[in-house]
Amino acid sequence: MTGDRPTGKLHLGHYVGSLRRRLDLQETHPMTVLVADLQALTTHAERPDEVRQAIRDVTLDYLAIGLDPERTTLALQSLLPELAELAAIFGLLVTVGHLYRNPTIKAERASLGIDEEQLTYGFLGYPVSQAADIVGLGGELVPVGADQVPHIEEARRIVRRFNALYGEVLTEPRALVGEVPRLSGIYGKEKMSKSLGNAIFLSDPPDVLRKKVRQIYTDPTRLKATDPGHLEGNVVFEYLDAFDPDKAGLDALKERYQAGGIGDVAVKDRLYEVLDGHLAPIRARRSQWEQDPEAVERVLQEGSERARAIAIRILTQVRAAMGLPLRL
Ligand code: TRP
């Protein structure tokens with residue numbers, strides 16, 4: 001089980017952090033992928049129309065990378081009211097102090113400049129709601145980027161606390177972090193992020209990809225192609241490490257670069273070719289689905305119905321374990 005907030009289109013950071021892993025898991029595991037629109041609204045309450053558009057974009061991104069709705073359930077969080085109920089129950093098991101100390105919440109507050117007076121109950125508590133997403137949809141393995149690990153830890157704590165109080169009913173989920181836990185943005189330093197304007201999107205057409213590759217931060221100490229190049233902090237090589245399937249060829253390229261035997265332009269040409277090798281099939285699948293927006297909507301509708309059946313089953317077990325009445 002995993003998910004994403006629909007706040008915009010998905011990019012290469014998502015791809016190496018978690019999307020690629022999902023494609024592998026899809027071959028071996030039943031999986032639910034949640035478009036977490038309520039979670040997106042914890043930072044976008046004033047812009048619900050933006051979230052609404054992003055629901056379509058993210059669903060299309062899922063289908064474009066090759067998540068197969070016949071095998072993998074794609075669901076929309078706000079269509080699953082049982083998750084909200086479970087979040088209310090889980091809220092009984094977490095202290096506010098602990099949420100304040102969650103490192104991802106802290107980092108997001110800092111980057112969004114959310115002070116005490118602006119901090120909503122919903123934002124501070126979204127890790128609790130995320131725990132409900134995972135547990136309520138029967139998630140055992142959670143493929144996510146490194147920034148999500150504190151939230152999976154929170155879900156594990158909640159499950160342990162629930163089981164200690166009410167009996168061994170729930171399973172502790174486990175995070176599966178991608179081999180590339182963090183990808184820099186094209187200008188280096190900061191991680192790739194839509195809001196920082198440094199992202200390469202899965203939906204970027206070839207000309208946009210070409211332009212962004214040209215802008216990528218390389219080695220500022222290098223003035224001519226014959227100067228020895230440095231790999232540390234060099235985003236072109238970071239991306240090649242993450243995406244180039246030809247590892248031997250990449251090792252040879254690195255040696256030439258360090259020896260001053262190849263220029264930045266040639267290395268970027270190689271990177272373009274590598275990235276486009278990943279993005280071209282994604283683009284092709286996207287344009288297929290784009291022809292039929294109603295089919296995309298149907299995927300999410302039907303997936304949500306399937307997911308809801310799981311959530312109802314788990315919530316019934318939770319209520320029974322707690323001795324909550326199923327009816328009076
Ligand atoms: N917090 C995740 C993100 O920002 C989105 C998310 C919501 C999620 N519910 C989840 C991820 C459950 C994994 C499992 O992208």
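Our subject is the structure listed above.
Attention in this report is confined to the structure presented alongside it. (Residues numbered from 1 in each chain as written. Predicted model: local features only at pLDDT ≥ 70, side-chain atom pairs only at ≥ 80, totals over all residues. Heavy atoms only, no water.)

1. Observations regarding the overall build of the chain
- Broken down by element type, the chain carries 14 helices and 5 strands.
- Taking 20 Å as the expected radius of gyration for a compact globule of 328 residues, we find that the chain reaches 22 Å, a close match to that expectation.
- With the principal axes as the frame, the chain shows a C-alpha extent of 80 × 45 × 40 Å.
- The buried share among the 328 residues of the chain stands at 50%.
- Sequence-distant contacts, at least 24 apart, represent 74% of the contacts inside the chain between residues at least 6 apart.
- Surface accessibility of the chain: about 16,000 Å² in total, with carbon and sulfur atoms responsible for 54%. (Helix = DSSP H or I, 4+ residues; strand = E, 2+ residues; numbered from the N terminus. Rg over C-alpha atoms; globule rule 2.2 N^0.38 Å. Buried < 20%, exposed > 50% of the residue type's maximum accessible area, 1.4 Å probe, protein only. Contact = heavy atoms within 4.5 Å. Areas by Shrake-Rupley, 256 points an atom, 1.4 Å probe, with all protein chains shown as cover.)

2. Side note on the pairing of strand 5 (residues 174-177)
- Judged from the 4 bridges that link them, strand 4 (residues 141-144) and strand 5 form a sheet pairing that is parallel. Residue pairing in the sheet places Val144 in a bridge with Val177 of strand 5.
- For the crossover that starts at strand 4, traverses helix 9 (residues 149-166) and ends in the parallel strand 5, the hand is right-handed. (Pairing = 2+ DSSP bridges. Right-handed = clockwise from strand over helix to strand, strands pointing away.)

3. Re helix 4 (residues 81-90)
- The set of residues buried in helix 4 consists of Glu82, Leu83, Leu86, Ala87, Ile89 and Phe90. Viewed end-on, helix 4 has its buried residues packed into an arc of 160°, placing them on one side of the element.
- Those residues of helix 4 that are buried lie in contact with strand 2 (31-35), helix 8 (126-136), helix 9 and helix 14 (293-322). (Arc of directions from axis to C-beta.)

4. A short note on the sheet that holds strand 1 (residues 2-4)
- Strand order in the open sheet made by the 3 strands is 1-2-3, with parallel pairing throughout. If you trace the sheet from one side to the other, it starts and ends with strand 1 and strand 3 (72-76), each paired once. Averaged over neighbouring strand pairs, the angle between their axes works out to 20° when direction is ignored.
- Sheet topology places strand 1 next to strand 2; 3 bridges connect them, and they run parallel. Residue pairing in the sheet places Thr2 in a bridge with Val33 of strand 2.
- Relative to the sheet, helix 14 contacts strand 2 and strand 3, its axis offset from that of strand 3 by approximately 95°. (Axes fitted to C-alpha atoms, helices over the stretch in contact; angles between N-to-C directions.)

5. Overview of the site of the ligand
- Lining the immediate environment of the ligand, one finds 13 residues, of which Arg5, Gln39, Gln130, Asp133 and Gln148 sit closest.
- With respect to the ligand, the side chain of Asp133 contributes an N or O atom lying 2.8 Å from a nitrogen atom.
- Between the ligand and the protein, one listed contact pairs a nitrogen atom with a side-chain N or O atom of Gln148 at 2.8 Å.
- Protein burial of the ligand: of its 370 Å² of free accessible surface, 92% is covered by the chains.
- Here the ligand occupies the largest pocket.
- Secondary-structure elements contributing two or more residues to the shell around the ligand are strand 1, helix 8 and strand 4.
- Tallied by class, the residues present in the shell around the ligand amount to 5 nonpolar, 5 polar and 3 charged. (Near = heavy atom within 4 Å. Polar contact = N/O pair within 3.5 Å; in protein donor to acceptor, adjacent residues only side chain to side chain. 1 Å grid on protein atoms, 1.4 Å probe; cavity = no way out; pocket = protein on both sides within 12 Å on 5 of 7 lines; lining within 4 Å. Sits in = over half its atoms within 2 Å of the grid points. Nonpolar A, V, L, I, M, F, W, Y, C, P; charged D, E, K, R; others polar.)

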